[in-house]
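Residue-level structural notes
So you can see what is in the structure, the chains are spelled out below.
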Amino acid sequence: KAMSAPYGKMRFMPTGGINPDNLLNYLKFDKIIACGGSFMVKEDLIKAGNFDAIRDLTRGAVKTMLGLEFLHIGINSDNAEEAMRGAKMVQTMFGMPLCEGNKSIFAGTEFEFMKQKGPGKMGHIAIRTNFCDRAMAYFKRCGFAFDESTITYFDNGKPKFVYFKDEICGFAFHLIQK
């Protein structure tokens, strides 16, 4: 952070002193474009030719960076009355509190009953991530596409929400930043 102060528009890729415990702290700073470090490519692993272990450490760093977590399932309903019936049933079954909004009714934080049909034949599944922009770049590199028309942005211009283009078993999936 101190080094970045005099360089207003410059972005950095630190590689020294990075480890699994501080990786997210570095990445949360908006001047950091990426991080690297020997914690992913240890000298003894290189010498031993243990590239599987290097791959696993690198994948672990990516997993930490993405921080993907299930947030909730959204269930499509035809109307507000049907959504309320579904939400009340889940409330009765599992003792979850109801919270009604303009477009949906939540039973707890895990079940969202939509008051009308939304994305996905059956509904949607929300996955939260540490960095929506980085997660989008990662998934695009893995061959997945996004419905660009669904992106919503923070005031700083970074994406905070987006739907994947394809459904899985009738469910749309979306990313949302933590």
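An account of the accompanying structure is given in this report. Computed from a predicted structure; not experimentally measured. (Residues numbered from 1 in each chain as written. Predicted model: local features only at pLDDT ≥ 70, side-chain atom pairs only at ≥ 80, totals over all residues. Heavy atoms only, no water.)

Looking only at helices and strands, one finds five helices and eight strands in the protein. Along the chain direction, N to C, the helices and strands of the protein fall in the order α-α-α-β-α-β-β-β-β-α-β-β-β. Expected size for 178 residues packed as a compact globule is a radius of gyration near 16 Å; at 20 Å, the protein overshoots this value by more than 25%. Along the longest, intermediate and shortest principal axes, the C-alpha atoms of the protein span 60 × 40 × 30 Å. Relative to its full complement of 178 residues, the protein shows a buried share of 38%. Across the protein, the fraction of contacts at a sequence separation of at least 24, relative to all contacts at a separation of at least 6, is 52%. Per element, the accessible surface of the protein, about 11200 Å² overall, is 58% carbon and sulfur. (Helix = DSSP H or I, 4+ residues; strand = E, 2+ residues; numbered from the N terminus. Rg over C-alpha atoms; globule rule 2.2 N^0.38 Å. Buried < 20%, exposed > 50% of the residue type's maximum accessible area, 1.4 Å probe, protein only. Contact = heavy atoms within 4.5 Å. Areas by Shrake-Rupley, 256 points an atom, 1.4 Å probe, with all protein chains shown as cover.)

Another point: a nonpolar patch on the surface. Together, Met 89, Met 93 and Phe 94 make up an exposed nonpolar region whose accessible area comes to about 370 Å². With respect to the helices and strands, Met 93 occurs in helix 4 (residues 80-94). (Patch = residues over 30% accessible without salt bridge, like charges linked within 9 Å, V, L, I, M, F, W, Y side chains within 5 Å. Salt bridge = Lys/Arg side-chain N within 4 Å of Asp/Glu carboxyl O.)

For the structure shown, the criterion picks out six aromatic pairs. Between Phe 139 and Phe 164, the aromatic rings sit 5.2 Å apart at their centres with planes inclined by 85°, giving edge-to-face as the arrangement. One end of the pair, Phe 139, is in helix 5 (residues 132-141); the other, Phe 164, is in strand 7 (residues 159-164), and 25 residues separate them in sequence. Residue classification places Phe 139 among the buried positions, given a relative accessible area of 14%. For Phe 164, a relative accessible area of 15% puts it in the buried group. Here a set of aromatic residues connected by ring pairs shows up, and it is made of Tyr 138, Phe 139, Phe 144, Phe 146 and Phe 164. (Phe/Tyr/Trp six-rings, centres within 6.5 Å; stacked < 30°, edge-to-face > 60°.)

What follows covers the pairing of strand 4 (residues 111-114). Relative to strand 4, strand 1 (residues 69-75) runs parallel, the two being bridged by three bridges. Bridged to Gly 74 within strand 4 is Glu 112. The pairing of strand 3 (residues 104-107) with strand 4 spans four bridges and is classified as antiparallel. Each bridged residue has a counterpart across the sheet, and for Ser 104 the counterpart in strand 4 is Met 114. (Pairing = 2+ DSSP bridges.)

Secondary-structure assignment places Gly 108 in the loop between strand 3 and strand 4. Here Gly 108 falls in the buried class, since its relative accessible area comes to 19%. Distance in space between the C-alpha atoms of Gly 108 and Asn 19 is 36 Å, their sequence separation being 89 residues. Contact partners of Gly 108, with chain neighbours within four places excluded, come to Met 96 and Pro 97.

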